[in-house]
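Chains, contacts and geometry: an overview
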Amino acid sequence: MRLAWTSLLLFSALSVGCATAPKDPGTRSTAFVTGSMPEFIENDYAAALREAKSRQLPLLVKVWAPWCHACRSMQANVLPHPSVAPFAARYVWLAIDTDEPGSAGFLQRFPIDTWPTVLVLDPEGETVLARSVGGASAEQFVGLLEHGLRASQGKLVDSDKGLVLADARAAAGAHAEAALAYQEALKKAPTDWPARGRAVTSLLKSLGAAGESVPCTEAALDELPRLRAAEDQVRVAATGLACALDLPEGDSAALRSRLSLAAGRALQLPPEAVDPDLRSSLYEGLVEARQMDGDEAGAIALAEEWLVFLERSAGQVRTAQQKTVFDGHRVMAALSVGRPEQAVPALEQSERELPGDDNPPARLAMLYLAAGRLDEALKANDRALTLARGAARMRVLSLHSDILMARGDRAGASESLERAIAEGRTAADLNSRRQLVWLEKKRKALDAPEAVPAR
């Protein structure tokens, strides 16, 4: 069972959003100059397919959501990287926002359970040529781009062909079959296989999605010593920890402890060798693991270290978009050490610099709520609600319910939750439907006679 603040971050709009308003569906820049930054078609799969077919290029699909910190990192740090520029003219680029109702058709074809997910598709058959899930560095992303080009040209070696088969099964949502295919590809691959890190990460994600948390944790432990690149080690350690946190009760503590020790060693890798967002995700998992094991002092000590790391990392970047990569984790770390107000100045700055983004005021509302500043929490939440769209409105309304419950306004809390559920019932996108299930469970708990206002 994941920690309470993680659920709040996922379902109360505490998330990383776009720094600029998204383009209208189907609009794009027509400039595709070699060496330029990729230009994305927004939320129009049909238009992207037509262009990819007409230009005889593979289609790269970036599937993201406004609440996803790894998506923000990709947008702020990976896509603008000089190593990505030579690929701009070799793909057609499509961005799918899973919070947009218009993305429902694409998500029915390619169900998404990890953000971001990047797919490389053959536009003629709409088949998957390559897939990456979760956060990635520029180097890891370039590896995916190179693999996608080789696949589109029929130049894959045998181990890469096995990875394509596994990726296709995972992209279709057949995670049990995908896990077997990933395991087979890894078994046949050479020890120095360039795609090993991505394949292991995808294997762990499929095992987790299939509910196989024990095999997932064991696979992470088995594969970590085989990985050479520091960023692959951190990515796999963080992904494996997510499974370890979902281990069943019983003897799970020992297995989780073994992976936590391995993940802790990955955390000590040189800072310059690992993307800061990937390292921060590893901190997140390790703090949760210590909390789950009842090591509250250890969890607080590590969260203090995490906060220092986040402040230092945010101080080393220049743009508002880059700084907000760290906002969601700042909230988590500040809540973990019991000092929600420590993250308030950074979030206030993000709201000033990104006035069209609902995420900074929503995060502020959560921090104010945790600090007992309920009037300010309501005002921040109202600002977020005026900006939120699609599935994000459900999260903001859910947070509004929490604030009213903390004020002792049970009727108002119930009404806000009903509004969130009503919007979810009319939404067509998969993300809203998933949130709807959680919101209905929350309403049931709120309606219980023993429910009391949170303080």
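This text goes with the structure placed above it.
Source: prediction; values computed, not measured. Note that residues are indexed from 1 along each chain, following the sequence as it is written. For a predicted model such as this one, the threshold for reporting local features is a pLDDT of at least 70, and the threshold for listing and counting side-chain atom pairs is 80 or more; totals across whole chains, interfaces and linings nevertheless cover every residue. The basis for every side-chain value is the complete set of non-hydrogen atoms in the structure, without hydrogens or water.

Topic: the pairing of strand 5 (residues 127–133)
Along strand 5, 6 of the 7 residues are buried, which leaves the element largely enclosed by surrounding structure. By the convention used here, strands pair only if DSSP detects at least 2 bridges between them. Here a strand is any run of E in DSSP of at least two residues, a helix any run of H or I of at least four, and the numbering for each starts at the N terminus. Where strand 4 (residues 117–122) meets strand 5, 6 bridges bridge the pair, whose relative direction is antiparallel. Paired with D122 across the strands is T127, a residue of strand 5. The turn linking strand 4 back onto strand 5 is made up of 4 residues, and E126 within it adopts a positive phi angle of 55 degrees. In this scheme, a residue with accessible area under 20% of its type's maximum is buried, one over 50% is exposed, and one in between is partly exposed, where area comes from a 1.4 Å probe on protein chains only.

Remarks on the pattern of salt bridges
Any carboxyl oxygen of Asp or Glu that lies within 4 Å of a side-chain nitrogen of Lys or Arg is treated as forming a salt bridge with it. What the rule picks out here adds up to 24 salt bridges. The residue E341 makes a salt bridge to R373 at a minimum N-O spacing of 2.7 Å. On the criterion of sequence distance, the pair formed by E341 in the loop between helix 15 (327–336) and helix 16 (344–353) and R373 in the loop between helix 17 (359–370) and helix 18 (374–387) is long-range, its members being 32 residues apart. The class for E341 is partly exposed, based on a relative accessible area of 42%.

A short note on empty space enclosed by the protein
To locate leftover empty space, one rolls a probe as large as a water molecule over the atoms. A pocket here means an open set of points on a 1 Å grid, computed over the protein atoms alone, that has protein on both sides within 12 Å along at least five of seven lines. A cavity is instead a set of points where a 1.4 Å probe fits but cannot get out; residues with an atom within 4 Å of a point line either one. Grid points are joined across faces, edges and corners, and a volume is the space filled by probe spheres set on the points. Within the structure shown, the criterion is met by 2 cavities of 30 Å³ or more. Put simply, the largest cavity is a space of about 80 Å³. What lines the largest cavity is A70, S73, M74, V78, P116, V118, S132, G134, G135, A136 and F141. Note that Gly is not counted as nonpolar here; it falls among the polar residues with everything else outside the nonpolar set of Ala, Val, Leu, Ile, Met, Phe, Trp, Tyr, Cys and Pro and the charged set of Asp, Glu, Lys and Arg. By residue class, the composition of the lining of the largest cavity is 7 nonpolar, 4 polar and no charged.

Observations concerning the sheet that holds strand 2 (residues 59–64)
Across the sheet, 5 strands lie side by side as 1-3-2-4-5; this open sheet has mixed pairing. Each of the sheet's edge strands pairs with one partner strand only, and the pair in question is strand 1 (40–42) and strand 5. Taking the axes of each pair of neighbouring strands and ignoring which way they run, one obtains an average angle of 25 degrees across the sheet. The pairing of strand 2 with strand 4 spans 5 bridges and is antiparallel. Note on strand 4: the bridge partner recorded for V63 is T117. For this analysis, residues touch if any pair of their heavy atoms sits within 4.5 Å. Each axis is a line fitted through C-alpha atoms, taken for helices only over the stretch in contact, and angles between the N-to-C directions span 0 to 180 degrees. Contacts between helix 6 (residues 158–171) and the sheet are confined to strand 4 and strand 5, with strand 5 contributing the most and set at about 80 degrees to the helix.

Observations concerning helix 9 (residues 213–223)
Note that an α-helix has 3.6 residues per turn; residues three or four places apart therefore point the same way. Within helix 9 the residues assigned to the buried category are S213, C216, T217, A219, A220, L221 and E223. On its buried side, helix 9 packs onto helix 7 (175–188), helix 8 (196–209), helix 10 (230–244) and helix 11 (252–267).

Quick look at the packing of helix 6 against helix 7
At a minimum axis distance of 8 Å, the contact between helix 6 and helix 7 shows a crossing angle of 170 degrees. Taken as axis vectors, helix 6 and helix 7 run roughly antiparallel relative to one another. For the pair helix 6 and helix 7, contact is made by S159, G162, L163, A166, D167, R169 and A170 and by H175, E177, A178, A181, Y182 and A185, respectively. Looking at the contact of helix 6 with helix 7 residue by residue, the classes come out as 7 nonpolar, 3 polar and 3 charged. Orientation labels follow simple angle bins: below 35 degrees gives roughly parallel, above 145 gives roughly antiparallel, 65 to 115 gives roughly perpendicular, and whatever is left gives oblique.

Looking at the state of the cysteines
For the purposes of this analysis, a disulfide is any pair of cysteine sulfur atoms at a distance within 2.5 Å. Under the counting rule described, the total for this entry stands at 2 disulfides. Linked covalently through their sulfurs, C68 and C71 form a disulfide whose S-S length is 2.4 Å. Taking the torsion about the S-S bond as the criterion, the C68 to C71 disulfide, at about 85 degrees, is right-handed. Across the pair, exposure class does not vary: C68 and C71 are buried alike. At a sulfur-sulfur separation of 2.1 Å, the disulfide partner of C216 is C243. What sets the handedness of the C216 and C243 disulfide is the S-S torsion sign, and at about 80 degrees it is right-handed. Within this pair, whereas C216 is found in helix 9, its partner C243 is found in helix 10, the two being separated by 27 residues in sequence. Residue C216 is classed as buried on the basis of its relative accessible area, which comes to 0%. Owing to a relative accessible area of 6%, C243 belongs among the buried residues under this scheme.

Remarks on the packing of aromatic side chains
Two rings from Phe, Tyr or Trp (for Trp, the six-membered ring) form a pair when their centres sit within 6.5 Å of each other. Planes less than 30 degrees apart are called stacked, planes more than 60 degrees apart edge-to-face, and all others tilted. Per the stated rule, a full pass over the model turns up 8 aromatic pairs. Where Y45 meets F106, the ring centres are 5.1 Å apart and the plane angle is 75 degrees; that geometry is what we call edge-to-face. You can see Y45 sitting in helix 2 (residues 45–55) and its partner F106 sitting in helix 4 (residues 104–109), a full 61 residues away along the chain. Between Y283 and W306, the aromatic rings sit 6.4 Å apart at their centres with planes inclined by 10 degrees, giving stacked as the arrangement. One end of the pair, Y283, is in helix 12 (residues 276–292); the other, W306, is in helix 13 (residues 296–315), with 23 residues separating them in the sequence. Just as Y283 is buried, W306 falls in that class too. Here a set of aromatic residues connected by ring pairs shows up, and it is made of F40, Y91 and W93. Its guanidinium or amino end placed over the ring of F40, K62 lies 4.6 Å from that ring's centre, counting from NZ or CZ. Working rule: Lys NZ or Arg CZ, within 6 Å of ring centre, within 35 degrees of ring normal, means a charge sits over the ring.

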